[in-house]
Amino acid sequence: MDNNITVPKKTIFSGVQPSGNLTIGNYLGAIKNWTTLQNEYNCIYCVVDMHAITVRQVPADLRRRTYETLAIYIAAGLDPEKNTLFVQSHVPQHAVLAWDLGCFTMFGELSRMTQFKDKSRSNADNINSGLFTYPVLMAADILLYKTDLVPVGSDQKQHLELARDIAIRFNSIFSDTFTIPEGYIPKTGMRIMSLADPTKKMSKSDANPNASIGILDSKDDIIRKFKRAVTDSDTTIRYADGKDGINNLMNIYSCFTGKTYGEIEKEFDGRGYGDFKLAVGETVADSLSPLKTKFDTLMKDKAYLEDIMKNGAFSASRIAERTVSKVHKKLGFVVKS
Ligand code: TYM
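A brief look at the structure comes next. This structure is a prediction, so every number in the text was calculated from the model and none was measured.

## Concerning the overall build of the protein
Scanning the protein from N- to C-terminus turns up 13 helices and five strands. Against the 2.2 N^0.38 benchmark of 20 Å for 337 residues, the protein shows a C-alpha radius of gyration of 21 Å, consistent with a compact globule. The C-alpha extent of the protein, read off along each of the three principal axes, is 75 × 50 × 50 Å. Within the protein, buried positions represent 51% of all 337 residues. At a minimum sequence separation of 6, the contacts of the protein that also span at least 24 residues come to 77%. For the protein, the computed accessible surface area is about 16500 Å², with 52% contributed by carbon and sulfur atoms. For the protein, the distance from the average site of its 43 positive side-chain charges to the average site of its 39 negative ones is 3 Å.

Below, the structure is given as structure tokens:
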């Protein structure tokens, strides 16, 4: 038997929008899991700046956050030597394929997207067509790279299913072209809730600064926000229906410590919410502290970050160009001579 046969690594693609201060929701639902996949998979992680402009951005903030998001990827443990890290707008094939795929996506499908409905409500004065076709661009991101797995939080499940449907539709019309991607959604951490309203997802675009914990928040801020977290009038720390606030804190604590809910209940048996909130705050702040230190160092070296962006875009473009030219041939476009 030939032991030298190597099975090609599966490909992973994911991204975060540089549209606000990244939260522990982004960290626990996505980035933290990415770091555990880098040895086994061919990983491509993007800073999706083109998605961010579906909502008005201050240009200087968007630019700064694009650097910051890349620095967070690296500070969280993504090795730029092992992963392809790049900025979406540096690879124009994302926009090109999005146009092509848009012609295979139905108006009705896009109208059903819950994120579109939510964002239309919160940005009623700017319901632009980019907000509507956002999931098509996301499908292009994924399908450009023959992606097998997409590690995301549960809020992206609907978009991912649409990407699969578009790929299946295209393949059935034009023969096998795209790999059909699967979601990779963590059991714990897939949906971190707001501290101000634990029935709502924690979001980097929440106007209330006390609703979310930023990955880069100071220790004092983290502890203060956890102390103010909305809970309930019960006094025991246990995971149960109707205890959304406590369930969320237990989920966060479990993600950072690896402890099960049973172990957490035992640890805080006979102790009050105040003690528990303080413990969660200290644990989160201490766990994020090394990331923050590394982030500060990286942000002092813009040239290094730009080098990574450049190399990442170069590698990503090579794959993306091949996919687009294959798609264009199948569509019947004349190949440029
Ligand atoms: P974005 O920028 O809103 O969020 C980035 C990642 O963080 C996850 N996430 C959460 N997970 C758990 N709890 C939360 N409260 C929470 N909030 C956010 C998201 O699920 C996501 O994984 N459309 C995407 C970005 C994107 C993308 C892609 C992702 C564009 N193209 C292609 C994967 C593949 C988005 O808006 O993520």
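## Notes on the site of the ligand
Of all residues adjacent to the ligand, which total 27 residues, the nearest are Tyr134, Asp141, Asp155, Ile192 and Lys204. The separation between an oxygen atom of the ligand and a polar side-chain atom of Asn26 is 3.1 Å. If the ligand stood free it would expose 710 Å²; the protein chains cover 97% of that surface. In terms of residue class, the shell around the ligand is built from 12 nonpolar, 10 polar and five charged.

## Thoughts on empty space enclosed by the protein
Over the atoms rolls a probe the size of a water molecule, and in doing so it shows where empty space is left. Summed over all chains, the structure comprises one cavity of 30 Å³ or more. For the lining of the largest cavity, the elements supplying multiple residues, two or more each, are α6 (114-122) and α7 (129-143). For the lining of the largest cavity, the residue count by class is five nonpolar, two polar and one charged.

## Side note on the packing of α7 against helix α8 (residues 157-174)
Closest axis-to-axis distance for the α7/α8 pair is 9 Å, and the angle between their directions is 70°. In terms of axis orientation, α7 runs roughly perpendicular to α8. Crossing hand, α7 versus α8: right-handed. Facing Tyr134, Pro135, Met138, Ala139, Ile142 and Leu143 of α7, the residues of α8 in contact are His159, Leu160, Leu162, Ala163, Ile166 and Ala167. Residue classes in the contact of α7 with α8 are distributed as 11 nonpolar, one polar and no charged.

## Some points on the pattern of salt bridges
The tally for this structure, following the rule as stated, stands at 15 salt bridges. The partner of Lys225 in a salt bridge is Asp217, with the nearest N and O atoms 2.7 Å apart. A single network of salt bridges, built from pairs that share partners, joins Asp232, Asp234, Arg238 and Lys243.

## What to know about the nonpolar core
Of all hydrophobic cores here, the largest spans 58 residues; its most connected members are Phe226, Phe276 and Val284. Ranked by the residues each element gives to this core, the list is headed by helix α12 (residues 273-299), at 11 residues. Once residues lying within four places of it in the same chain are set aside, the contact partners of Val284 are Ile24, Ile213, Ile222, Phe226, Ile252 and Phe256. One finds Phe86, Met138, Ala140 and Val324 within the second-largest nonpolar core, a separate group that totals 39 residues.

## Topic: the layout of surface pockets
One number sums up the size of the largest pocket: a volume of about 1400 Å³. Forming the boundary of the largest pocket are 50 residues, of which Gln115, Lys119, Asp155, Lys201 and Ser203 lie nearest the centre. The biggest single contributor to the lining of the largest pocket is α6, with six residues. Residues of the lining of the largest pocket, tallied by class, amount to 16 nonpolar, 21 polar and 13 charged.

## Section: helix α9 (residues 219-228)
Burial in α9 covers these residues: Ile222, Ile223, Lys225 and Phe226. What you see down the axis of α9 is that its buried residues fit within an arc of 165°, all on one side. Away from its buried face by more than 90 degrees, α9 exposes Asp220, Lys227 and Arg228. Looking at the buried side of α9, the elements it contacts are α1 (24-35), α10 (244-257) and α12.

Rules and cut-offs
Residues numbered from 1 in each chain as written. Predicted model: local features only at pLDDT ≥ 70, side-chain atom pairs only at ≥ 80, totals over all residues. Heavy atoms only, no water. Helix = DSSP H or I, 4+ residues; strand = E, 2+ residues; numbered from the N terminus. Rg over C-alpha atoms; globule rule 2.2 N^0.38 Å. Buried < 20%, exposed > 50% of the residue type's maximum accessible area, 1.4 Å probe, protein only. Contact = heavy atoms within 4.5 Å. Areas by Shrake-Rupley, 256 points an atom, 1.4 Å probe, with all protein chains shown as cover. Lys, Arg positive; Asp, Glu negative; His and termini not counted. Charge placed at Lys NZ, Arg CZ, Asp CG, Glu CD. Near = heavy atom within 4 Å. Polar contact = N/O pair within 3.5 Å; in protein donor to acceptor, adjacent residues only side chain to side chain. Nonpolar A, V, L, I, M, F, W, Y, C, P; charged D, E, K, R; others polar. 1 Å grid on protein atoms, 1.4 Å probe; cavity = no way out; pocket = protein on both sides within 12 Å on 5 of 7 lines; lining within 4 Å. Points joined across faces, edges and corners; volume = space filled by probe spheres on them. Axes fitted to C-alpha atoms, helices over the stretch in contact; angles between N-to-C directions. Parallel < 35°, antiparallel > 145°, perpendicular 65-115°, else oblique. Left-handed = near helix turned anticlockwise from the far one by under 90°. Salt bridge = Lys/Arg side-chain N within 4 Å of Asp/Glu carboxyl O. Core = buried A, V, L, I, M, F, W, Y, C linked by side-chain atoms within 4.5 Å. Arc of directions from axis to C-beta.

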